[in-house]
Amino acid sequence: LRRIWSGEPAYDGGEPIGPKPVQPNGPRIIGGFSGPKAITRSARWADGLYGFSITGDGGEIQQKMDVAERAWAAAGRTTAPWKVGGFWYSLADGAEAHLRRYVYDYLRTAGDAVARQVAASMTRFSADAILDTMRAMKATGIDELYMVPASADVAEVERLAELVAQI
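Residues numbered from 1 in each chain as written. Predicted model: local features only at pLDDT ≥ 70, side-chain atom pairs only at ≥ 80, totals over all residues. Heavy atoms only, no water.

(A) Quick look at the pattern of salt bridges. Applying the stated criterion across every chain, the model contains 8 salt bridges. Across the pair Arg2 and Asp47 runs a salt bridge, and its minimum N-O distance is 3.1 Å. Remark: Asp47 occurs in the loop between α2 (36–45) and β2 (48–52) and Arg2 occurs in helix α1 (residues 2–5); sequence separation between them is 45 residues. Judged by its relative accessible area of 33%, Arg2 falls in the partly exposed class. Here Glu96 and Arg100 are joined by a salt bridge, their closest N and O atoms 2.7 Å apart. Taken as a pair, Glu96 and Arg100 lie in helix α4 (residues 95–107) at a separation of 4 residues, close to a single helical turn. Glu96 sits in the partly exposed class, given a relative accessible area of 34%. A relative accessible area of 25% means that Arg100 is categorised as partly exposed. (Salt bridge = Lys/Arg side-chain N within 4 Å of Asp/Glu carboxyl O. Helix = DSSP H or I, 4+ residues; strand = E, 2+ residues; numbered from the N terminus. Buried < 20%, exposed > 50% of the residue type's maximum accessible area, 1.4 Å probe, protein only.)

What follows is the structure, given as structure tokens:
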């Protein structure tokens, strides 16, 4: 991607692909990860990492970002990784049911028992719980936070905006 974004053809004898990105060297390449091996691989080629916490646990994201910092240093990187975190939430009317149903449906491919167990563990369906998680995520030093709503109800985003204003 970086070669293509710099104007080089994708293959010998090919034509350059355009248009060129607005950003020098193209947009950031963010590696998604769930474990140390993936983080170590990403440290070789990515600009940053995306760590998602199913339950919204800031401590889980902190552990992953600590591994990322060590991997970046071990790979001889001179810049810190761009850090992205995320979690599922719901603020719609009936938020608890929305969140648990969303998580169950999302994880159902892993089996009914797993999907039910994880769905039952969801707690990010109140303003206080979401604010606590947003603050915990901010404390990890992440650069971006992806908030994934559990429904298409516009109230999810409107109510979240009110919470973001408090951070």
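After presenting the structure, the write-up continues.
(B) Seen up close, the sheet that holds strand β1 (residues 30–33). In spatial order, the strands read β1-β2-β3-β4; together these 4 strands make up an open sheet with parallel pairing. On the outer flanks of this sheet lie β1 and β4 (144–149), each paired with one strand and no other. Neighbour-to-neighbour, the strand axes of this sheet turn through a mean angle of 25 degrees, independent of strand direction. In this structure, strand β3 (residues 82–89) lies alongside β4, joined through 6 bridges in parallel fashion. When the bridges of β4 are listed, Trp88 appears paired with Val148. Running over the sheet, helix α3 (residues 58–74) touches β1, β2 and β3 and is turned about 160 degrees from β2. (Pairing = 2+ DSSP bridges. Axes fitted to C-alpha atoms, helices over the stretch in contact; angles between N-to-C directions. Contact = heavy atoms within 4.5 Å.)

(C) Geometry of the nonpolar core. Counting residues in each nonpolar core, the largest one holds 22 residues, and the members touching the most others are Phe87, Tyr89, Ile130, Met134, Met147 and Leu160. Of all the elements in the fold, those that place two or more residues in this core are α2, α3, β3, α6 (127–139) and α7 (155–164). Broken down by element, the residue count for this core peaks at 5 residues, all from α3. With sequence-adjacent residues up to four places away left out, Phe87 is seen in contact with Phe52, Ser53, Gly56, Arg124, Ile130, Thr133, Met134, Met137, Leu145, Tyr146, Met147 and Val148. Core analysis: the next-biggest nonpolar cluster, separate from the first, contains 10 residues, Leu99, Ala115, Ala119 and Ala150 among them. (Core = buried A, V, L, I, M, F, W, Y, C linked by side-chain atoms within 4.5 Å.)

(D) The packing of aromatic side chains, seen in detail. The tally for this structure, following the rule as stated, stands at 6 aromatic pairs. Taking 5.8 Å as the distance between ring centres and 80 degrees as the angle between the ring planes, the aromatic pair formed by Trp88 and Tyr102 counts as edge-to-face. Here Trp88 is found in strand β3, whereas its partner Tyr102 is found in helix α4, with 14 residues between them in sequence. Measuring from centroid to centroid gives 6.3 Å for Tyr102 and Tyr106, while their planes differ by 25 degrees, and the two rings are stacked. A residue pair is termed a helical-turn pair when its members lie 3 or 4 positions apart in one helix, as Tyr102 and Tyr106 do in helix α4 at 4 residues. (Phe/Tyr/Trp six-rings, centres within 6.5 Å; stacked < 30°, edge-to-face > 60°.)

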